[in-house]
Amino acid sequence: MSHRIARAWFALEERTDLVPELNGMFVRNGLSIVPPFRKTEISDADLATLAAYLAPASNSSLQ
Amino acid sequence: MTLPPGMSQRDFSAALRQLETAVGKEWVFSAPEDVALYRDAYSPFWDEEEERTASAAVAPDTVEQVQSVMRIANEHRIPIYPISTGRNLAYGGAAPVLSGSVVLDLKRMNRVLEVSEENAYALVEPGVSYFDLYRDIQDRGLKLMIDVPTPGWGSLIGNALDHGAGVTPMRDHWSTQCGMEVVLANGEVLRTGTGAMPNAKTWQQYKYGIGPYIDGIFSQSNFGVITKMGFWLLPEPEVVRALRVTAPRHDDVIKMVEIMSNLTYSGVIDSQFTLASPVLNGPRDAELEALAARPGGGTREEWDRYAESKDRPFWSARFTFYGPQPVVDARWEYARQRYSTIPGVQFEDGPTYRFPMSREQREQAPDKGMLGIPSLSNFTGRTPATPEVADGHMDFSVIVPMTGHDVLAALKVIGRDFAAAGVGARMGTISSFHLRTFILISSFPTMRADREFNRRVRAAYERAVKVTADNGWGQYRSHAAFMDLAVSKYSFNDDALSRFHTTLKDAVDPNGILSAGRYGIWPKDMRGSA
């Protein structure tokens, strides 16, 4: 399953400007026609892990 | 903070503490920023007093916890609004019909309980999305195809309960449901169909059980919380092959629909087909508006001349065939032959897909819905070509009889009405969502920062409900903010049907705790006030 998720996130992984606060804002506020995600869909803990993974520092170490 | 109607903050806080004991503190949401996640992101009342908002949300993980929530709600008379995944976007999202309701968020109940390859069915919980079931089937390598609505994040159960649809032979999701488990308002659990037998062996294969067949009363209603539902699935076909047919003239629609309805009723066509008019669904210029506004709506000669001057066929239809290769090819060829009787008709073969498909082929396939592959490809938002998009939309879905006369009338009446409203309402194509009728799905844009625009949109939407009902076309599904209006058009014999619904409501939910106002069904003390 991990390979599928990794492919879907590839575009996000390439970004170098996704500070954790920005991810949180998009996920909890939505953007344009994409509505926000509730805590039953992605918990605060999972969101924090995801945001840390996509954050600039950890992102560069993965490439 | 929004409170349940007539409830004090103190009593509500006490009730929330009981709910926390039932499901765990972290799964009761009452902080404003958490409750805000249950707003309807596309609300036509955004930030206005009439916007429907929840007071809190509670997210159980088990059937027993759902039962506990029902008992607590009855004790405190708290209105509860169950959602599956809350992705009923364009029809009200996760927001309750009655402001102050506590949303019962079933997303955590996301288990695929059983999938039978041999008998082609699945049994799932309400939080299971199309993505979830698809992955389960793919990961286990089962030769089954699911049917998906356009966005794949919705719930199988939620979509079926609202009579939603996809495109394959299993597209009419309510018709494919088989057997359900329901938690009633009093907390009791019942199973329908043969599931009522303690040692049931055909719960997902035989719908009717014995005695009255009651599954239907739980759809588009508020009589219980569905905690399990079975779905019939399609064995993975050998081949999926499409056929596009275009016809040049205005009146060709009569013959086109006559053939498609006959092929459907004969079983030659068994999946969704779409019918659109590149002229009537196309860009509306001054010439077209003048033609449409003429008394009688323009003659067929005038329309034909218009279509010819624009170099557009008047009609375009697409069919898709599923099954073993020789059977699909025979049905495809037979449909082509039948349409060859229309002068000037043109055909386009394909696309064609053969199974099994590799993971890469599935990922790259452009026609994912046609292949039962869930996606979010329609959530594109802004693009360089369309830099300005509305923040949301309300869908408006009308049931149109399968005749050419009705198709013509619907496209002309609704097209003219939308143009006159001037709010950018978009008329969609006509599709055989369900088994023997067409659905014309249109959409009204909404803007979060423009109340005046939303006011005009709401007026146009209400007008469209009236105009279509005056023509005998009902809605198959309603936006949560306009359910009373939608149901008011189903008024035969002094609202006999609505009165029957409320009789049932009072019997199965005497305290009126479940989904007050959903599909116009209100508890006793709120009737008439809506």
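Residues numbered from 1 in each chain as written. Chains lettered and ligands numbered in written order. Predicted model: local features only at pLDDT ≥ 70, side-chain atom pairs only at ≥ 80, totals over all residues. Heavy atoms only, no water.

**Student:** Help me understand the packing of aromatic side chains in this model?
**Tutor:** Residues and elements named next belong to chain B. Tallied over the full model, the rule gives 17 aromatic pairs over all chains. Measuring from centroid to centroid gives 5.1 Å for Y208 and Y213, while their planes differ by 85 degrees, and the two rings are edge-to-face. Residue Y208 is classed as partly exposed on the basis of its relative accessible area, which comes to 45%. Between W303 and Y306 the ring centres are 6.3 Å apart and the planes differ by 85 degrees, which places this aromatic pair in the edge-to-face class. Pair noted here: W303 and Y306 are both in helix α9 (residues 300–310), with a separation of three residues, about one helical turn. Across this residue pair, the class does not change: W303 and Y306 are buried. (Phe/Tyr/Trp six-rings, centres within 6.5 Å; stacked < 30°, edge-to-face > 60°. Buried < 20%, exposed > 50% of the residue type's maximum accessible area, 1.4 Å probe, protein only. Helix = DSSP H or I, 4+ residues; strand = E, 2+ residues; numbered from the N terminus.)

**Student:** Looking at this structure, how should I read the interface of chain A and chain B?
**Tutor:** Frequently, the measure chosen for interface size is the accessible area that the parts lose on association. Taken together, the contact between chain A and chain B spans 15 residues of the former and 31 residues of the latter. Together, the buried faces of chain A and chain B total about 2000 Å²; carbon and sulfur atoms form 56% of this surface. Between the two partners, chain A and chain B, sit two salt bridges. Across the pair E41 of chain A and R87 of chain B runs a salt bridge, and its minimum N-O distance is 2.9 Å. Where chain A meets chain B, there are nine residue pairs in polar contact (both at pLDDT 80 or more). Counting residues per element, the side of chain A that touches chain B draws most heavily on helix α1 (residues 2–8) of chain A, which supplies three residues. (Contact = heavy atoms within 4.5 Å. Buried area = accessible area lost by both parts, 1.4 Å probe. Salt bridge = Lys/Arg side-chain N within 4 Å of Asp/Glu carboxyl O. Polar contact = N/O pair within 3.5 Å; in protein donor to acceptor, adjacent residues only side chain to side chain.)

**Student:** Can you walk me through the sheet that holds strand β10 (residues 224–232) of chain B in this structure?
**Tutor:** Two orientations exist for strands paired in a sheet by backbone hydrogen bonds: parallel and antiparallel. All names here are of chain B. Spatially, β5-β6-β10-β8-β9 is the arrangement adopted by the five strands of the open sheet, whose pairing is antiparallel. Two strands in the sheet have a free side with no partner beyond their single neighbour: β5 (112–116) and β9 (189–191). Each strand of the sheet is rotated relative to its neighbour by a mean of 15 degrees, with strand direction disregarded. Note that strand β8 (residues 177–184) and β10 share six bridges and pair antiparallel. When the sheet's bridge partners are listed, M180 is paired in β10 with M229. On the sheet, helix α3 (residues 63–76) packs against β8, β9 and β10 and is oriented at approximately 45 degrees with respect to β8. (Pairing = 2+ DSSP bridges. Axes fitted to C-alpha atoms, helices over the stretch in contact; angles between N-to-C directions.)

**Student:** Would you mind showing me how to read the environment of G424 of chain B here?
**Tutor:** The topology assignment puts G424 of chain B in the loop between α12 (404–421) and β17 (430–431). Sequence separation between G424 of chain B and Q205 of chain B is 219 residues, and the spatial gap between their C-alpha atoms is 45 Å.

**Student:** Looking at this structure, I do not really get the pattern of salt bridges. What am I missing?
**Tutor:** Once the charged atoms of two side chains with opposite charge are near each other, the side chains can pair. Here the structure, examined in full by the defined rule, presents 37 salt bridges over all chains. Measuring nitrogen to oxygen at the nearest pair gives 3.6 Å for the salt bridge that ties R455 of chain B to E48 of chain B. Here R455 of chain B is found in helix α13 (residues 451–470), whereas its partner E48 of chain B is found in the loop between α2 (32–35) and β2 (56–58), with 407 residues between them in sequence. Residues E289 of chain B and R284 of chain B are paired through a salt bridge, measuring 2.7 Å at the closest nitrogen-oxygen approach. By relative accessible area, E289 of chain B is classed as partly exposed at 26%. R284 of chain B gets classed as partly exposed once you look at its relative accessible area, which sits at 30%. Within this structure, R28, K39 and D44 of chain A together with D34 of chain B form a network of salt bridges that share partners.

**Student:** Teacher, can you tell me more about unusual backbone geometry here?
**Tutor:** For residues that are not glycine, phi is negative in most cases, and the peptide bond is trans in most cases. All names here are of chain B. Omega for the bond connecting G350 with P351 falls within 30 degrees of zero, at 10 degrees, which places this linkage in the cis form. As for its position among the elements, P351 is in strand β15 (residues 346–354). Of note, the amide linkage connecting F355 to P356 takes the cis form, showing an omega dihedral of 0 degrees. Position of P356 among the secondary structure elements: in the loop between β15 and α11 (359–364). One non-glycine residue, R77, lies in positive phi territory at about 55 degrees. Note that R77 resides in the loop between α3 and β3 (80–83). Positive phi outside glycine occurs at N493, with the angle close to 50 degrees. With respect to the helices and strands, N493 occurs in helix α15 (residues 492–508).

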